[in-house]
Amino acid sequence: MTEFWLISAPGEKTCQQTWDKLMMATTRTNNLSTNTKFNIPDLKVGTLDVLVGLSDELAKLSSFVESVVKKVAQYMADVLEDSRDKVQENLLANGVDLITYITRFQWDMAKYPIKQSLKNISEIISKQVTQIDNDLKARASAYNNLKGNLQNLERKNAGSLLTRSLADIVKKEDFVLDSEYLITLLVVVPKTNYADWQKTYETLAEMVVPRSTNLLFEDQDSGLFSVTLFRKAIDDFKHKARENKFTVRDFQYNEEEMKADKEEMTRLSTDKKKQFGPLVRWLKVNFSEAFIAWIHIKALRVFVESVLRYGLPVNFQAMLLQPNKKNMKKLREVLYDLYKHLDSSAAAIIDQSAMDIPGLNLSQQEYYPYVYYKIDCNLLDYK
């Protein structure tokens, strides 16, 4: 289960008492969740007006940062292509897996100095993650172009003999070149028609050179044959070939062009390999940065919301619950009983969402008598 509930409740006589009460209600008797204390440092409170405004801003910022975290994770999965099982081991925060990072969360004083105002800290995070988002767009665009061009070339070199590039199949010696009168054509013949081809190719037009056909290449459906004839018989030959279900490929042997194609393929393939390593490293580093920023925003939101709800002086315990999947509904009920005294209006909301009032979509709003934010570490959307 990769879902966490980050909640806070006001300190009783001490914050330890708040913690003990939660543990007693959720783990000691009924194993509803695995809990850890979530350490939020003494941040600067500022004025009530600022806190109210910040509460809305942080909600928007949290959605934005979560979207960037998911984008970086998803792009990592796209870039790792065939080794998707390796994705999870590359999605780390501060060098540890995400669950370890969240359950042992420590505020990063160097990145987000707590002497700064809450607004400043949120602006530092916003700038940092916006930069990651912009960089990701630029890097992804460059890498995707390269990958797209390479795939197009690879497609040209695969597929059926009717459409694929023949550059890596034919050789110079397969052709009569530089002749004023003669030309070599390439014909795709279905495997079931090989005998017909051998019987009829010399008579499909006048002026076909006898015994000039060779099988150059086969795939599972058909074969590529060469045949030499006089130039003036080309149209006639193509017409008759079509009637017999033989397809003449439009191909002229040009060493320069074929060499250029091969070189382009090699260049793109080398470029892609060159960019792969640095791109994966960049994604790892910036995934970690964005994820850390996201959890710090969660901490900021808990702090701001707890001060707004529970008042001053600052006295609350933040707690991280990892719900036991089977018992989530029960856990909600236990938390509600534990904290319903904090906010009587929450009781009304819960009663209303039990009934369906048209046009009043309260069940969507996840409002509880305690401060609550969900952290979902399931970041990948496997298509």
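In what follows, the structure referred to is the one given above.
Note that the coordinates shown come from a computational prediction; the quantities given were computed from them, not determined experimentally.

**Some points on the environment of Thr-213**
Along the chain, Thr-213 turns up in the loop between α6 (194–200) and β4 (214–218). Residue Thr-213 is classed as buried on the basis of its relative accessible area, which comes to 12%. Not counting residues up to four positions away in its chain, the partners in contact with Thr-213 are Trp-197, Gln-198, Tyr-201, Phe-225, Ser-226 and Val-227. A polar contact of 3.0 Å, which involves the side chain of Thr-213, links it to the side chain of Trp-197. Among the polar contacts listed, one links the side chain of Thr-213 to the backbone oxygen of Ser-226, at a separation of 2.8 Å.

**A short note on the sheet that holds strand β7 (residues 316–323)**
Overall, antiparallel pairing links the four strands, which are arranged β2-β7-β1-β8 in an open sheet. At either margin of the open sheet sits one strand with a lone partner, and together these are β2 (33–37) and β8 (371–376). Pairs of neighbouring strands in the sheet enclose a mean axial angle of 25 degrees, with direction left out of account. For β2 and β7, the ladder comprises five bridges, and the chain directions are antiparallel. In the strand pairing of β7, Asn-35 is matched with Leu-321. Along the sheet, helix α1 (residues 15–28) makes contact with β1 (3–10), β2 and β7, crossing β2 at roughly 170 degrees.

**What about helix α8 (residues 255–310)?**
The end-to-end C-alpha distance of α8, which contains 56 residues, comes to 80 Å, matching closely the 82 Å that a straight helix rising 1.5 Å per residue would cover. Sitting at the head of α8, Asn-254 places a side-chain oxygen 3.0 Å from the backbone nitrogen of Glu-256. Following α8 by one or two positions, Gly-311 adopts a phi angle in the positive range, close to 80 degrees.

**Points about the nonpolar core**
In terms of nonpolar packing, the biggest core is built from 83 residues, with Ile-7, Ile-125 and Phe-291 touching the most fellow members. Per-element accounting of this core gives the leading share, 19 residues, to α8. The residues contacting Ile-7, other than those within four sequence positions of it, are Leu-22, Gln-317, Ala-318, Met-319, Leu-321, Leu-335, Tyr-339, Tyr-370, Val-371 and Tyr-372. Val-189, Tyr-194, Leu-204 and Ala-233 belong to the second-largest nonpolar core, a separate cluster that totals 19 residues.

**A short note on the pattern of salt bridges**
The final tally for this structure, using the stated rule, is 16 salt bridges. Among the salt bridges present, the one from Lys-21 reaches Glu-12, with a minimum N-O distance of 3.3 Å. With a relative accessible area of 43%, Lys-21 lands in the partly exposed category. Between Asp-108 and Lys-111 there is a salt bridge; the shortest N-O distance is 3.5 Å. What you see here is one network of salt bridges that share partners, running through Glu-57, Lys-119 and Glu-123.

**Some words on the packing of helix α2 (residues 48–79) against α8**
The packing of two helices is summarised by the inter-axis angle and the distance between the axes. The interhelical angle for the contact between α2 and α8, taken along N-to-C directions, is 155 degrees, at an axis separation of 8 Å. With respect to their mutual orientation, α2 and α8 come out roughly antiparallel. As α2 packs across α8, the resulting crossing turns out to be left-handed. Residues belonging to the contact of α2 with α8 are distributed by class as follows: 28 nonpolar, two polar and five charged.

**Some words on the sheet that holds strand β6 (residues 247–249)**
In space, the four strands of this open sheet follow the order β4-β5-β3-β6, with antiparallel pairing throughout. What marks the edges here is a single partner per strand, and that holds for β4 and β6. This sheet shows a mean twist of 35 degrees between the axes of neighbouring strands, independent of strand direction. Pairing geometry for strand β3 (residues 182–190) and β6, over three bridges, is antiparallel. Bridge pairing links Leu-186 to Arg-249 in β6. Its contacts with the sheet place helix α7 (residues 234–243) against β3, β5 (222–230) and β6, and it is angled at close to 150 degrees to β5.

**Things to note about the pairing of β5**
Across the nine residues that make up β5, a large majority, eight, are buried. Two strands pair when backbone bridges link them, and β3 and β5 are joined in this way by nine bridges, in the antiparallel orientation. Within β5, the residue paired with Thr-184 across the bridge is Thr-228. By the bridge criterion, four bridges tie β4 to β5 in an arrangement that is antiparallel. Following the sheet pairing, Glu-218 is matched in β5 by Gly-223. As consecutive antiparallel partners, β4 and β5 are separated by three residues.

Analysis parameters
Residues numbered from 1 in each chain as written. Predicted model: local features only at pLDDT ≥ 70, side-chain atom pairs only at ≥ 80, totals over all residues. Heavy atoms only, no water. Helix = DSSP H or I, 4+ residues; strand = E, 2+ residues; numbered from the N terminus. Buried < 20%, exposed > 50% of the residue type's maximum accessible area, 1.4 Å probe, protein only. Contact = heavy atoms within 4.5 Å. Polar contact = N/O pair within 3.5 Å; in protein donor to acceptor, adjacent residues only side chain to side chain. Pairing = 2+ DSSP bridges. Axes fitted to C-alpha atoms, helices over the stretch in contact; angles between N-to-C directions. Expected span 1.5 Å × (residues − 1). Core = buried A, V, L, I, M, F, W, Y, C linked by side-chain atoms within 4.5 Å. Salt bridge = Lys/Arg side-chain N within 4 Å of Asp/Glu carboxyl O. Parallel < 35°, antiparallel > 145°, perpendicular 65-115°, else oblique. Left-handed = near helix turned anticlockwise from the far one by under 90°. Nonpolar A, V, L, I, M, F, W, Y, C, P; charged D, E, K, R; others polar.

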